[in-house]
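Okay, here's what each chain looks like letter by letter:
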Amino acid sequence: MKIGCHLSASNGFLHMAKETISLGGNTFQFFTRNPRGAGAKAINQSDIEKFLKFKAENGIGTILAHAPYVLNPCSANEETRELAVRLFADDIKRMEYIPESYYNFHPGSHLKQGVEKGIEYISEMLNTTLKKEQTTTVLLETMAGKGSEVGSKFEELRMIIDRTKLDGKLGVCLDTCHVYDAGYDIVNNLDGVISEFDRIIGLERLKAIHLNDSKNPFASHKDRHEKIGEGSIGLDAVKRIINHPKLKDLPFFLETPNDSEGYAKEIALLKAMRND
Ligand code: FE
Ligand code: FE
Ligand code: ZN
């Protein structure tokens, strides 16, 4: 099983890889830069070399970078949109130091412009930043639909993909808290949600799962993550998700409210709940 959690990147890649092993995982997620600001640390070539060696020797899987929250490619504010393009392009460039990784971003909030306009701006950013030669796969995250978030419906993600020229560089990261919050009933109808995803987006686009429980009831559009088994999704549904034949080979990333000890416990619990 490929599993890991969100880690702080402040001590570098080698540190995150070692932390992952100590937590019982084999992959991890991290922010490319300060999530609420724009600043990024300089690339540390020696840390990256050590990390790549450690990754190969210890069977660490494809890692997942997460874009900062300030990135909003469909903002009504032109400067915010330009900042998004700059940060996105710079993040892709930096990710190429760790070839074949995933880079996840929130499609953004259209504010009062409408979802159509939002989708137009998002694909515009992708069309200016994606490069033929990049090895990084960019993942659109499924959103809860809080405020004016784009991407809480599979159809919206499909439209972004359709309008992106280099769509071969695009995949999707499904966040269990977000989709449940958005009104996809993964608790009572997991098979139905998976076939809807397949029909609208195509399961071959699904590259990663953010595995979170939710503090709020079904379809509440709030986006508040809960510890595994302690929220409205519950342990039985989580067990079905991690063992589903169409999901079980994907990497699972925990973004639950936990310290290291809590993450280690959840990783152990999830590994124990696997049927294989
Ligand atoms: Fe996210
Ligand atoms: Fe997420
Ligand atoms: Zn969330």
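Residues numbered from 1 in each chain as written. Chains lettered and ligands numbered in written order. Predicted model: local features only at pLDDT ≥ 70, side-chain atom pairs only at ≥ 80, totals over all residues. Heavy atoms only, no water.

Engineer: Tell me about the coordination of the iron ion (ligand 2), and name the residues and values.
Structural biologist: Six octahedral donors at a metal ideally form angles of 90 or 180 degrees, and four tetrahedral donors ideally form angles of 109.5 degrees. Distances from the iron ion (ligand 2) to its protein donors, Glu141 (OE), Asp175 (OD), His210 (ND1) and Glu255 (OE), fall at 2.0 to 2.3 Å. Around the iron ion (ligand 2) sit four donor atoms; with metal-centred angles ranging over 85 to 172 degrees, the donor geometry is irregular. Spacing between the donor residues of the iron ion (ligand 2) along their common chain follows E-x33-D-x34-H-x44-E. A separation of 3.3 Å is found between the iron ion (ligand 2) and the iron ion (ligand 1), which are bridged by glutamate 141. On the criterion of sequence distance, the pair formed by glutamate 141 in strand β5 (residues 137–141) and aspartate 175 in strand β6 (residues 170–175) is long-range, its members being 34 residues apart. The exposure classification of glutamate 141 matches that of aspartate 175, with both residues buried. (Donors = N, O, S within 2.8 Å, 3.2 Å for Na, K, Ca; no water. Tetrahedral: all angles 85-135°; square planar, octahedral: opposite > 155°, others 65-115°. Helix = DSSP H or I, 4+ residues; strand = E, 2+ residues; numbered from the N terminus. Buried < 20%, exposed > 50% of the residue type's maximum accessible area, 1.4 Å probe, protein only.)

Engineer: Describe the packing of aromatic side chains, naming the residues involved and giving the relevant values.
Structural biologist: The description of an aromatic ring pair rests on the distance of the ring centres and on the angle between the ring planes. Evaluation of the coordinates by the stated rule reveals ten aromatic pairs. Taking the centre distance of 5.1 Å and the plane angle of 85 degrees together, the rings of phenylalanine 13 and phenylalanine 30 count as edge-to-face. Taken together, the residues phenylalanine 13 in helix α1 (residues 13–23) and phenylalanine 30 in strand β2 (residues 27–31) connect sequence positions 17 residues apart. Across this residue pair, the class does not change: phenylalanine 13 and phenylalanine 30 are buried. Ring geometry for phenylalanine 31 versus tyrosine 69: centroids 5.3 Å apart, planes at 75 degrees, classification edge-to-face. With a gap of 38 residues between them, phenylalanine 31 in strand β2 and tyrosine 69 in the loop between β3 (64–66) and α3 (78–95) connect regions that are remote in the sequence. In this structure an aromatic cluster arises from ring pairing among Phe13, Phe28, Phe30 and Phe51. (Phe/Tyr/Trp six-rings, centres within 6.5 Å; stacked < 30°, edge-to-face > 60°.)

Engineer: Could you give me a rundown of the environment of phenylalanine 253, with the residues and numbers involved?
Structural biologist: In this fold, phenylalanine 253 is placed in strand β10 (residues 252–254). Exposure remark for phenylalanine 253: the relative accessible area of 0% places this residue in the buried category. Leave out the neighbours within four places in its chain, and phenylalanine 253 touches Gly4, Thr27, Phe28, Gln29, Thr62, Leu64, Ala208, Ile209, His210 and Leu211. (Contact = heavy atoms within 4.5 Å.)

Engineer: Residue-level account of the state of the cysteines, with values.
Structural biologist: Per the stated rule, a full pass over the model turns up zero disulfides. As a non-bridged cysteine, cysteine 5 has cysteine 173 as the owner of its nearest cysteine sulfur, 14 Å distant. As a non-bridged cysteine, cysteine 173 has cysteine 177 as the owner of its nearest cysteine sulfur, 12 Å distant. Residue classification places cysteine 173 among the buried residues on the basis of a relative accessible area of 0%. (Disulfide = S-S within 2.5 Å.)

Engineer: If you had to explain the pattern of salt bridges to someone new, which residues and values would you point to?
Structural biologist: Scanning the entire structure with this criterion turns up eleven salt bridges. In this structure, glutamate 120 and lysine 117 form a salt bridge, with 3.2 Å as the shortest nitrogen-oxygen distance. With glutamate 120 and lysine 117 both in helix α4 (residues 115–129), this residue pair falls three residues apart, about one helical turn. Each of Arg33, Asp90 and Asp91 takes part in salt bridges that share partners, so that together they form one network. (Salt bridge = Lys/Arg side-chain N within 4 Å of Asp/Glu carboxyl O.)

These results come straight from atomic positions and should not be treated as a statement about function.
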